[in-house]
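A closer look at the structure
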Amino acid sequence: MAVKERMSGNEAVAYAMKQINPDVMPAFPITPSTELPQFVSSYIANGEMDTEFIPVESEHSAMSAAIGAEAAGARTMTATSSAGMALMWEMLYVAASNRLPIALALVNRALSGPLNINCEHSDSMGARDAGWIQIYAEDNQEAYDNFVQAYRIAEHKDVMLPIMICQDGFIISHGVQNIELLEDEKVKAFVGEYEPEHYLLNEKETMAVGPYAVTNYGMEAKRAQAQAMMNARQVILDVAAEYEKISGRKYGFFEEYRLEDADYAIVAIGSACGTTKDAIDELRAKGIKAGLLKVRVFRPFPGAEMAEALKNCKAIAIMDRCESYSANGGPLAAELSAALFKAKSTAEVLKIVYGLNGRDFTVEDAKKLYEDLADIAAHGNHETEEYRYIGLRD
Amino acid sequence: MALSAKDINENTRWQDLTDGLQIYEPATSKNFLTGEWRTNTPVLDQEKCRNCLLCVPYCPDSSIPVKNGKRLDFDYDHCKGCGICVKACPFGAISMKEGK
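Every value quoted in this text rests on a predicted model; they were computed, and no experiment measured them. (Residues numbered from 1 in each chain as written. Chains lettered and ligands numbered in written order. Predicted model: local features only at pLDDT ≥ 70, side-chain atom pairs only at ≥ 80, totals over all residues.)

Here's the deal with the domain arrangement of chain A
All names here are of chain A. Formally: Throughout the structure description, domain borders are defined by an automatic or database domain assignment. Working definition of a contact: two residues with C-beta atoms, positioned from the backbone, lying within 7 Å. Helix and strand assignments come from DSSP, with helices taken as H or I runs of at least 4 residues and strands as E runs of at least 2, each series counted from the N terminus. Ten residues, namely Ala, Val, Leu, Ile, Met, Phe, Trp, Tyr, Cys and Pro, are considered nonpolar, four, namely Asp, Glu, Lys and Arg, are considered charged, and the remaining ones, Gly among them, are considered polar.
Each assigned domain of chain A is listed with its residue range as follows: domain 1 (3–247) and domain 2 (254–389). Of the residues lining the interface, 26 residues belong to domain 1; the matching set on domain 2 comes to 20 residues. Only helix H5 (122–126), strand E6 (133–136) and helix H8 (215–247) provide two or more residues apiece to the side of domain 1 that touches domain 2. When residues in the side of domain 1 that touches domain 2 are grouped by element, the largest group, five residues, is from H8. Taken together, the residues of the side of domain 1 that touches domain 2 break down into 15 nonpolar, five polar and six charged.

Focus: the packing of helix H1 (residues 9–20) of chain A against helix H2 (residues 35–45) of chain A
Residues and elements named next belong to chain A. Where we set the bar: An axis is simply a line fitted to the C-alpha atoms; with a helix, the fit covers only the stretch in contact. Between two such axes, the angle follows the N-to-C directions and lies from 0 to 180 degrees. Roughly parallel refers to an angle under 35 degrees, roughly antiparallel to one over 145, roughly perpendicular to one between 65 and 115, and oblique to any angle outside these ranges. Crossings are assigned a handedness: left-handed for a near helix turned anticlockwise from the far helix by less than a right angle, right-handed for a clockwise turn.
Relative orientation of the contacting elements H1 and H2 amounts to 45°, with a least axis distance of 9 Å. By the criterion of interaxial angle, the relationship of H1 to H2 is oblique. The way H1 lies across H2 gives a crossing that is right-handed. Packed against H1, whose contacting residues are Asn10, Glu11, Val13, Ala14, Met17 and Lys18, the element H2 presents Glu35, Leu36, Phe39, Val40 and Tyr43 at the interface. Here the residues of the contact of H1 with H2 are counted per class, giving seven nonpolar, one polar and three charged.

With respect to unusual backbone geometry
Cis geometry is adopted by the peptide bond preceding glycine 113 of chain A, which originates at serine 112 of chain A and carries an omega value of 5°. By the element assignment, glycine 113 of chain A lies in the loop between strand E5 (103–108) and H5. Geometrically, the link from arginine 299 of chain A to proline 300 of chain A is a cis peptide bond, its omega value of -5° lying close to zero. Summarising the element assignment, proline 300 of chain A is placed in the loop between strand E12 (297–299) and helix H10 (303–309). If you check the backbone angles, serine 62 of chain B has positive phi at about 50° while not being a glycine. By secondary structure assignment, the location of serine 62 of chain B is in the loop between helix H1 (55–58) and strand E2 (66–67).

With respect to the sheet that holds E6 of chain A
Residue and element names in this part refer to chain A. Worth spelling out the cut-off: For two strands to count as paired, DSSP must find a minimum of two bridges between them.
Strand order across the open sheet formed by five strands is E4-E5-E7-E6-E12, with mixed pairing between neighbours. If you trace the sheet from one side to the other, it starts and ends with strand E4 (77–80) and E12, each paired once. Sheet twist, expressed as the average angle between the axes of neighbouring strands with direction ignored, equals 20°. Summarising the sheet, E6 and strand E7 (residues 163–168) pair through four bridges and their orientation is parallel. Bridge pairing in E7 links glutamine 134 to methionine 164.

This is the structure we're talking about:
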């Protein structure tokens with residue numbers, strides 16, 4: 001029987017870490033992910049885990065140590081947020097290009113400035129081209145479920161890429177909700193042992209990791225790395241199908257909430273989706289056909305699949321919880337707009353930036369947005385700006 | 001199908017490279033002829049050489065082979081022509097020649 005509990009998102013992910021019991025965790029504390037290395041350290045001190053915890057002097061060192069451990073053949077994890085991830089930047093690319101399936105628990109927080117500790121997706125969205133798989137959660141349950149699935153995806157022989165399991169800072173990480181946990185033995189059997197084909201501590205094989213590549217080889221190396229991200233699509237779906245069998249919970253690239261017959265859709269990532277679902281239920285009771293596409297997998301980007309799911313919508317709001325300073329809207333809006341164009345969608349699109357520096361996104365905000373979508377569907381899109389903010393004083 | 005390092009060359013397709021260009025064989029640097037980078041070339045004057053072997057540990061590319069306690073001529077396949085051996089030789093037995 002599954003265990004019913006009440007946990008914050010950080011507690012839930014730390015619990016998954018305990019159940020998986022990886023070999024090595026180098027980590028450095030930063031709000032709001034500090035609890036993750038803290039809980040793991042407690043588990044180790046209490047004899048409930050035998051992970052080698054490395055207290056490093058910075059996040060650059062955390063990711064460097066993770067790369068070394070993973071290349072040596074150890075299943076490795078770390079955790080960070082915001083500026084911590086920014087300090088890992090150089091090494092994020094090294095982890096991915098050396099094909100090291102490290103799991104990173106990211107608790108999304110704004111990057112400076114202004115200095116702010118609250119939820120935003122600017123940290124992981126900034127790292128969207130670093131070559132990491134990125135999976136996002138709506139609540140603590142999904143953060144837990146995603147972390148349990150992480151190594152199965154990352155360590156698959158056709159993938160061998162690092163994976164980022166993201167949850168919204170404070171809103172999920174510190175908000176306590178009901179959760180259903182799997183039994184330890186079920187998780188252990190599902191995740192299995194890590195048996196890399198090649199690793200530095202293998203005394204039967206010599207190995208060099210991260211060699212220099214001159215111009216005549218570098219482009220081929222990058223193309224091969226891109227193939228691994230393409231291969232991750234099928235692996236993510238296969239692992240989700242297998243996970244459904246042990247958990248009863250269904251996952252894919254995204255969740256469609258009352259989307260099938262929806263005229264008006266919101267596309268969003270993370271905790272704002274729960275808020276949007278409440279707004280949809282209220283609007284549906286009044287006969288307004290509102291729906292949601294909640295993005296779970298952002299890397300690899302399931303653009304064609306999202307465009308297909310949105311094909312009957314008249315107007316779509318694409319929501320980014322980060323300002324990318326491109327003067328063109330956020331990254332989800334930019335990439336999904338391109339996918340809709342390629343799919344020859346005729347839907348009206350509103351690009352939205354919301355929730356910066358932890359600004360609330362409310363049910364009222366979502367309902368107002370659906371009203372705006374209905375208006376542009378009926379009367380045309382007369383937006384004068386490329387994108388707009390929600391929840392901004394203006 | 002990933003190839004071994006010695007079989008990879010400038011015509012190799014991306015599908016045939018190893019993950020992350022990892023290398024699973026020892027001493028593959030032997031296959032990489034760094035001597036092609038050389039612009040100036042060290043030349044040994046056998047008359048002046050006393051076989052003190054001081055030049056050997058100074059060579060950063062292990063391009064001065066030693067056999068039976070005596071140094072042989074340079075390994076020009078791998079010598080990059082840095083000229084450190086010229087400075088290391090106490091007897092002026094090595095000089096730099098312009099070009100390869």
